[in-house]
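This is what each chain is made of:
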Amino acid sequence: MADVRVMKEKEQETEVNEAQIAVHWKEEQYFYPSSKFIGQAYLTDPAVDQRFSEKNFPECFREYADLLSWDQYWHTTLDTSDAPFWKWYAGGKLNASYNCIDRHLEQYRNKAAFVFVGEPEDVPPLSITYQELYYQVNEMAALLRDFGGLKAGDRVTIHMPVVPELPITMLACARLGVIHSVVFGGFSGEACGMRAADSGSKVLVTIDGYYRSGAMTDHKEKADIAVKTAKDEKHTIEKVLVWHREPGKYNSKTPMVEGRDFFVEDVLKKYAGQIVEPVPMPSEAPLFLMYTSGTTGRPKGCQHGTGGYLSYVAGTTKYIQDLHPTDVYWCMADIGWITGHSYIVYGPLALAATSVLYEGVPNYPDAGRPWRVAKRLNVNIFHTSPTAIRMLRKAGPDEPAKYDYHFKHMTTVGEPIEPEVWKWYHEVVGKGEAVIVDTWWQTETGGFLCSTKPAIDPMKPGSAGPALPGIYPVIFDEEGKEVKGGSGKAGNICIRNPWPGMFQTIYGDRDRFVAQYYRKYNKNPKSKDWRDWPYFAGDGAVQAPDGYFRILGRVDDVINVAGHRLGTKELESACLTVNEVAEAAVIPVVDEVKGRVPEVYVSLKPGQHNATAVSEAVTKAIEHQIGKIARPKKVHVVPDMPKTRSGKIMRRVLAAISNQMDTGDVTTLANPDVVEQIRVMVQGNRPVITKDVPEDVKRFGEER
Ligand code: WT7
């Protein structure tokens, strides 16, 4: 196999083409798991790939569902009658809260389900046992049902940071069959209100404040904006339930609105000690919505089901995270993203694990914090993003060595990781002892799609690895022709088959679901055969001769900022709310730590304007409508946008300028002179870079 690779490398060297530039990270050496890791791992039998091969599909996925406790066993593993709206484990009934809590009590009652680490370092961590979680989830479920008036199928928006009350609220919803929609705490009140309106949530659960970067942030003020925004969208949020970050203390300057806002702490008293029977839900009943950005303006609510989703996250947590009940597992992500739902809450709890919750930023008060937490809690499985790794490496490359902790397993997720950064993670953070899995997946996919199987497949820095058992990817070119592995060519990665973690639909928008994820490569819209419905992931990828996939980044108008998806159209519409702005274009710029960051170009309406004031207003508008994570690196006020003769803004040209690239041939544009004006304005005399620019940036805004 190695020989083939050497030959291919030689071949590629002589043929310098677009695809090669796209994959400028060279093929790396393999790294192997230690025998110590293999000796204790759940998944060590390579026959798993045969077991999950296409001829055993979909029945192979029984194995995952059998990790759960069902109130009623299912009759059909995969029902394709309403393709591509797949139904997994049809006929089955189960409750997610029961599976994550009740069924563990007999054996693990006094084991920690969560260990909460607040950001202030002088307050000791708080352990919540399965018994205590059971008690608190039941009380909250009683409150949501009897005080909130909620029943199975209703939606609830939860806008909270990483504190135990967030998973407690989620699990309380799940107990009732209520669909939760958690909005990332860092999103603005306006973003929360839009999502609450879209989901039709009558109840908003929030918190007064929380610690972030060393200070108490007022969070309740966002709830007031959310209620107002929802109202502008013609939707009424009837009740706002406010948790306290610190018992008995109100960390917000906003008043509680009479008849609308209620302290959970007060109302809970009435439900003390109440037990709520978990409601057996049909396997395909929605468990939650998770809003994410796409190509069009509005974020879409990805709807995940109960049986399929929970089975898939339980299976992948067990086999890919190798999570045993005796492990201490820390996923340093936010529960407000899919990573947190699947791999902080549902996957780990379904397996009776101990899952660490961390409230703050990784480098508070310094870059040694994560390693002190790891040592104190005896964490042995660690999970984070390339952005966090880059940040910790930059701020404290020698810090991990100062602390006596030992990881057996580490995960990276959310963005491509540079081989150099991967190696620091392996050698310094993992002390050369831990296996690493680079897991590629998406909000839509519920769980991992590509990763090495930690005790079976060797690791290769910079490559996610092969597909997971039961996942059959394919790379297509624009015409739908298969791009073969080892060809050195990039294309659009698709998954040929459905899998249990796949989301069910975009909430309230079946057409958009089909259009966005299936239309491109489906040849027969009437087909009920899953083979006719490859899932279009929206990522570029290349497959090496050894079958490993390297993910190159988004092929649509989405920018991956620090592992979080931002739709450029959302940012552009925020810019247009500034009165002076006539046109706006948002493009990605390569950033050393965050991967990509957005940069904004605006042209102004006729008249006298102060460019500095306008740029500030644009930044404010983005922060207000989306949140601080979307804050642009720069706002350029330009005389006009580069446009095609048909009037389309050439975002690709702007992306080239911002990334110090050559703009290429622009003579066919309607206004080539403007390009040169903007180029001089932005690039000045700096030398132009022509190589090593990632594919997603190079092709950004291209017509596809
Ligand atoms: C997009 C999905 C997956 C949970 C967190 C992000 C990118 C994700 C990897 C990886 C390279 C990755 C893709 C994908 N991505 N994981 N291991 N290597 N790129 O979920 O917000 O839905 O974003 O993140 O571009 O499409 P998300």
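You'll find the structure just up there.
Residues numbered from 1 in each chain as written. Predicted model: local features only at pLDDT ≥ 70, side-chain atom pairs only at ≥ 80, totals over all residues. Heavy atoms only, no water.

Draft legend 1. Molecular detail of the site of the ligand. Neighbouring the ligand are 18 residues, the closest being D438, T439, T443, D539 and R554. Contact between the ligand and Q442: an oxygen atom at 2.9 Å from a side-chain N or O atom of the residue. Note that an oxygen atom of the ligand is positioned 2.8 Å from one of the side-chain N or O atoms of R554. Compared with its free state, where it exposes 550 Å², the ligand has 97% of that area covered by protein. Of all the secondary structure elements, the ones that give two or more residues to the shell around the ligand are helix 14 (338–350), strand 20 (435–439) and strand 25 (549–554). (Near = heavy atom within 4 Å. Polar contact = N/O pair within 3.5 Å; in protein donor to acceptor, adjacent residues only side chain to side chain. Areas by Shrake-Rupley, 256 points an atom, 1.4 Å probe, with all protein chains shown as cover. Helix = DSSP H or I, 4+ residues; strand = E, 2+ residues; numbered from the N terminus.)

Draft legend 2. Structural context of the environment of V48. Of note, V48 is situated in helix 4 (residues 48–51). Along the backbone, V48 and G470 are 422 residues apart, and their C-alpha atoms lie at a distance of 9.2 Å. Not counting the four nearest positions on each side in its chain, V48 is found in contact with L43, K453, I456 and P469. (Contact = heavy atoms within 4.5 Å.)

Draft legend 3. Here's a closer look at the sheet that holds strand 25. Strand order in the open sheet formed by four strands is 21-22-24-25, and the pairing between neighbours is antiparallel. With partners counted over all chains shown, the strands left at the sheet margins are strand 21 (473–476) and strand 25, one partner each. For this sheet, the mean angle separating the axes of adjacent strands, direction not counted, is 45°. As judged from the five bridges shared by strand 24 (residues 535–543) and strand 25, these two strands associate in the antiparallel manner. Paired with G540 across the strands is G553, a residue of strand 25. (Pairing = 2+ DSSP bridges. Axes fitted to C-alpha atoms, helices over the stretch in contact; angles between N-to-C directions.)

Draft legend 4. How the structure looks around the nonpolar core. Within the largest apolar cluster, 121 residues are counted, with the highest numbers of intra-cluster contacts made by F61, L133, L143 and Y346. A per-element tally of this core places helix 8 (residues 130–147) first, with 10 residues. Apart from residues no more than four positions distant in its own chain, L143 is found in contact with G148, L241, V264, V267, L268 and Y271. By size, the runner-up hydrophobic cluster in this structure holds 57 residues, among which are A197, I559, A584 and V638. (Core = buried A, V, L, I, M, F, W, Y, C linked by side-chain atoms within 4.5 Å. Buried < 20%, exposed > 50% of the residue type's maximum accessible area, 1.4 Å probe, protein only.)

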